[in-house]
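# Coordinate analysis (summary)
For reference, the chains in residue letters:
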Amino acid sequence: MPTWLEAGFWGLLAGSALLLGAGIGYFARIPQRVIAAVMAFGSGVLISALSFELMDKAFERGGFDSTAIGFLAGAALFTGGNALLARRGAKHRKRSGALQPTEKDSQGSGTAIAVGALLDGIPESIVIGLSLLQGGVVSMVAVIAIFLSNLPEGLSSAAGMKRAGRSARFIFGVWGGIALASGLAALLGYSAFREFSPDVIAATTAVAAGAILAMLADTMIPEAFEEAHDMAGLITVAGFLSAFALSKLGG
């Protein structure tokens with residue numbers, strides 16, 4: 001299999017967890033406390049992955065300056081985009097409860113939620129493609145970590161969309177589209193950056209890491225704390241430790 005196609009395959013596989021989670025959130029009656037606990041675990045997994053699989057590798061490849069600039073730029077870009085979308089009704093797009101607005105409450109919020117989901121998912125997928133630039137072998141730790149974090153994202157958001165009266169067509173259209181976009185983003189991450197210098201690749205990896213951390217703080221962690229506040233910290237630590245173990249065993 002050509003390497004560029006392999007990148008797309010792994011990105012699509014990791015992104016498919018969003019669709020799987022959406023199916024669970026839409027068809028199964030899962031208590032919000034359980035959803036929040038899964039969100040906390042997924043947050044811990046992503047924090048570990050961005051620390052050891054993204055920031056550490058970016059630093060090794062491009063040094064502190066490229067890594068720091070990319071990290072701050074990624075966080076700033078996500079925060080700016082998220083602020084614009086929040087004003088258009090996408091602020092609570094990861095919430096499983098009754099906070100998501102209906103289209104009647106906020107005209108255009110459906111589109112904003114869809115764009116917000118894309119904003120959340122693309123940086124993670126680009127990382128999968130970038131990981132293939134080092135030795136031509138995908139980082140399985142990154143793929144597993146992103147898959148494990150995507151599952152609760154899709155689950156919680158789909159449950160909230162259903163509560164807000166969104167149709168099944170809209171919900172599965174959004175998450176199916178994001179899953180496909182994840183594959184394309186991973187393919188792009190490999191194809192577009194394979195000729196670039198280590199500094200550029202390091203900065204791009206750090207941009208993704210900064211965007212992911214900002215996304216966690218703005219969207220996933222608030223949902224986790226909302227319902228599982230007395231256990232959220234411990235569950236997040238368990239998620240972090242699980243991904244940390246994967247990273248060390250995989251290395």
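All of these numbers come straight from a predicted model, not from anything done at the bench.

Check the secondary structure of the protein chain and you find 7 helices and 0 strands. Beginning at the N terminus, the succession of helices and strands in the protein chain can be written as α-α-α-α-α-α-α. Its C-alpha atoms give the protein chain a radius of gyration of 17 Å, within 12% of the compact-globule value 18 Å for 251 residues. A principal-axis box enclosing the C-alpha atoms of the protein chain has dimensions of 50 × 35 × 35 Å. Looking at the protein chain as a whole, 49% of its 251 residues are labelled buried. Within the protein chain, contacts between residues separated by at least 24 positions form 85% of all contacts whose residues are at least 6 apart in sequence. For the protein chain, the accessible surface area stands at approximately 11,100 Å², while carbon and sulfur atoms represent 68% of it. Counting 17 positive and 17 negative side-chain charges, the protein chain places the centres of these two groups 10 Å from one another.

This part covers the environment of L12. Following the sequence through the fold, L12 ends up in helix α1 (residues 3-27). By relative accessible area, which is 36% here, L12 ends up partly exposed. Taking C-alpha positions, L12 is 33 Å from K104, a pair spaced 92 residues apart along the chain. If near-sequence neighbours (up to four positions away) are discounted, L12 is found in contact with A179, L180, S182 and G183.

For the rest of this paragraph, the subject is the side chain of S43. Tracing the sequence through the fold places S43 in helix α2 (residues 32-90). In contact with S43, not counting residues within four places along its chain, are L216, M220, I221 and T236.

Turning next to the nonpolar core. Counting 20 residues, the largest nonpolar core has L46, L50, L54, I212, L216 and M220 as the members making the most contacts within it. Among the secondary structure elements, those contributing two or more residues to this core are α2, α4 (140-163) and α6 (198-228). If one sorts the elements of this core by residue count, α6 sits on top with 9 residues. Setting aside residues no more than four positions away along its own chain, L216 makes contact with S43, L46, I47, L50, I221 and P222.

Another point: the UniProt feature "transmembrane region" (unreviewed entry) in the protein chain. UniProt's feature table lists "transmembrane region" (unreviewed entry) at residues 7-27, 34-55, 67-86, 126-148, 168-188, 200-219 and 231-249, given in the numbering used throughout. Split by type, residues 168-188 is 100% helix and 0% strand. Its first and last C-alpha atoms lie 30 Å apart. The span residues 200-219 shows a helical share of 100% and a strand share of 0%, and its end C-alpha atoms are spaced 28 Å apart.

Time to look at the packing of α4 against helix α5 (residues 168-191). α5 packs onto α4 with a crossing angle of 155° between their chain directions and a minimal axis gap of 10 Å. When the axis of α4 is compared with that of α5, the two are roughly antiparallel. Where α4 crosses over α5, the two elements pack in a sense that is right-handed. For the pair α4 and α5, the contacting residues are E153, G154, S157, A158, M161 and K162 in the first and F170, I171, V174 and W175 in the second. Looking at the contact of α4 with α5, its residues break down into 6 nonpolar, 2 polar and 2 charged.

Two elements in contact, α1 and α5, have axes whose closest approach is 7 Å; the angle formed by their N-to-C orientations is 160°. With respect to each other, α1 and α5 are oriented roughly antiparallel. Considering the relative orientation of α1 and α5, their crossing is right-handed. A class-by-class count of the residues in the contact of α1 with α5 yields 18 nonpolar, 10 polar and no charged.

Across all of its chains, the model carries 7 aromatic pairs by this definition. Ring geometry for Y26 against F172: centres 5.5 Å apart, planes inclined by 70°, an arrangement best described as edge-to-face. Of this pair, Y26 sits in helix α1 while F172 sits in helix α5, and the two are 146 residues apart along the sequence. A relative accessible area of 16% places Y26 in the buried class.

With respect to the helices and strands, T205 occurs in helix α6. With 131 residues separating them in the primary sequence, T205 and G74 have C-alpha atoms 9.3 Å apart. Residues contacting T205, with those up to four places away along its chain left out, are L54, A58 and L130. In terms of polar contacts, T205 uses its side chain to reach the backbone carbonyl oxygen of I201, at 2.9 Å.

Conventions and cut-offs
- Residues numbered from 1 in each chain as written.
- Predicted model: local features only at pLDDT ≥ 70, side-chain atom pairs only at ≥ 80, totals over all residues.
- Heavy atoms only, no water.
- Helix = DSSP H or I, 4+ residues; strand = E, 2+ residues; numbered from the N terminus.
- Rg over C-alpha atoms; globule rule 2.2 N^0.38 Å.
- Buried < 20%, exposed > 50% of the residue type's maximum accessible area, 1.4 Å probe, protein only.
- Contact = heavy atoms within 4.5 Å.
- Areas by Shrake-Rupley, 256 points an atom, 1.4 Å probe, with all protein chains shown as cover.
- Lys, Arg positive; Asp, Glu negative; His and termini not counted.
- Charge placed at Lys NZ, Arg CZ, Asp CG, Glu CD.
- Core = buried A, V, L, I, M, F, W, Y, C linked by side-chain atoms within 4.5 Å.
- UniProt positions renumbered as here; feature names shortened; annotations may be inferred.
- Axes fitted to C-alpha atoms, helices over the stretch in contact; angles between N-to-C directions.
- Parallel < 35°, antiparallel > 145°, perpendicular 65-115°, else oblique.
- Left-handed = near helix turned anticlockwise from the far one by under 90°.
- Nonpolar A, V, L, I, M, F, W, Y, C, P; charged D, E, K, R; others polar.
- Phe/Tyr/Trp six-rings, centres within 6.5 Å; stacked < 30°, edge-to-face > 60°.
- Polar contact = N/O pair within 3.5 Å; in protein donor to acceptor, adjacent residues only side chain to side chain.

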